Structure formats: C-alpha cells, structure tokens
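If you want the building blocks of each chain, they are given just below.
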Amino acid sequence: MKRFACGDVIPGCGATFTAADEAGIFAQAVPHAAAEHGIDEVTPELEATVRGLIRTV
C-alpha cells in the first residue's frame, strides 16, 4: 500500500490518501488539489515532488 499526506506539500492540509499504487494516489490527490487548493495543473515539478513524498505503508 502507498500513502500520501497532502500537508507535506500544502502546509495545514490534513488530507491523506491511501491506495495500492502511485496511480491510485494520483487518482485521489489530483481532484483534491483542484477542489481544495485551486491547483488546476499538475506540473512535472509538482508530480515529482508528490512522487517523492509517497510512502509505502
């Protein structure tokens, strides 16, 4: 299982996402980023940052 905490990128955000793989994390985190943080585009830099913060649990 993989886990990502949005607060690792957006300080103060308490959302966390758990999925079987990174694709599952992104499937949850991208809509969250758009709805809650106004992030409409996942840049290559943001994607790399998120990938670096996804942990195996």
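Scroll up a little and you will see the structure.
Residues numbered from 1 in each chain as written. Predicted model: local features only at pLDDT ≥ 70, side-chain atom pairs only at ≥ 80, totals over all residues. Heavy atoms only, no water.

**Q** I'd like a description of empty space enclosed by the protein, backed by residues and values.
**A** Considering all chains together, one arrives at one cavity of 30 Å³ or more under this definition. Estimates place the volume of the largest cavity at around 150 Å³. Considering the residues around the largest cavity, the lining is formed by 15 residues, among which Phe4, Ala29, Ala33, Leu46 and Val50 are closest to the centre. Looking at the lining of the largest cavity, the element that brings in the most residues is helix H1 (residues 22-37), giving five residues. (1 Å grid on protein atoms, 1.4 Å probe; cavity = no way out; pocket = protein on both sides within 12 Å on 5 of 7 lines; lining within 4 Å. Points joined across faces, edges and corners; volume = space filled by probe spheres on them. Helix = DSSP H or I, 4+ residues; strand = E, 2+ residues; numbered from the N terminus.)

**Q** Give me the lowdown on the nonpolar core, citing residues and values where you can.
**A** In terms of nonpolar packing, the biggest core is built from 11 residues, these being Phe4, Cys6, Cys13, Phe17, Ala19, Ile25, Phe26, Ala29, Leu46, Val50 and Ile54. Of all the elements in the fold, those that place two or more residues in this core are strand E2 (16-19), H1 and helix H2 (44-53). The dominant element in this core, judged by the number of residues it contributes, is H1, at three residues. Excluding anything up to four places from it in sequence, phenylalanine 26 contacts Pro31, Glu47, Val50, Arg51 and Ile54. (Core = buried A, V, L, I, M, F, W, Y, C linked by side-chain atoms within 4.5 Å. Buried < 20%, exposed > 50% of the residue type's maximum accessible area, 1.4 Å probe, protein only. Contact = heavy atoms within 4.5 Å.)

**Q** Which residues make up the pairing of strand E1 (residues 2-5), and what values do they have?
**A** As paired elements, E1 and E2 share four bridges and run antiparallel to each other. The residue bridging arginine 3 from the neighbouring strand is threonine 18, located in E2. The sheet contact formed by E1 and strand E3 (residues 55-56) spans two bridges and is antiparallel. The residue of E3 that forms the bridge with lysine 2 is threonine 56. (Pairing = 2+ DSSP bridges.)

**Q** Let's hear about the pattern of salt bridges: which residues, and what values?
**A** Proximity of charged atoms lets side chains of opposite charge pair with each other. Following the criterion strictly, the structure yields two salt bridges and no others. Here glutamate 22 and arginine 51 are joined by a salt bridge, their closest N and O atoms 2.3 Å apart. Of the two residues, glutamate 22 is situated in helix H1 and arginine 51 in helix H2; the sequence distance between them amounts to 29 residues. By relative accessible area, glutamate 22 is classed as partly exposed at 26%. (Salt bridge = Lys/Arg side-chain N within 4 Å of Asp/Glu carboxyl O.)

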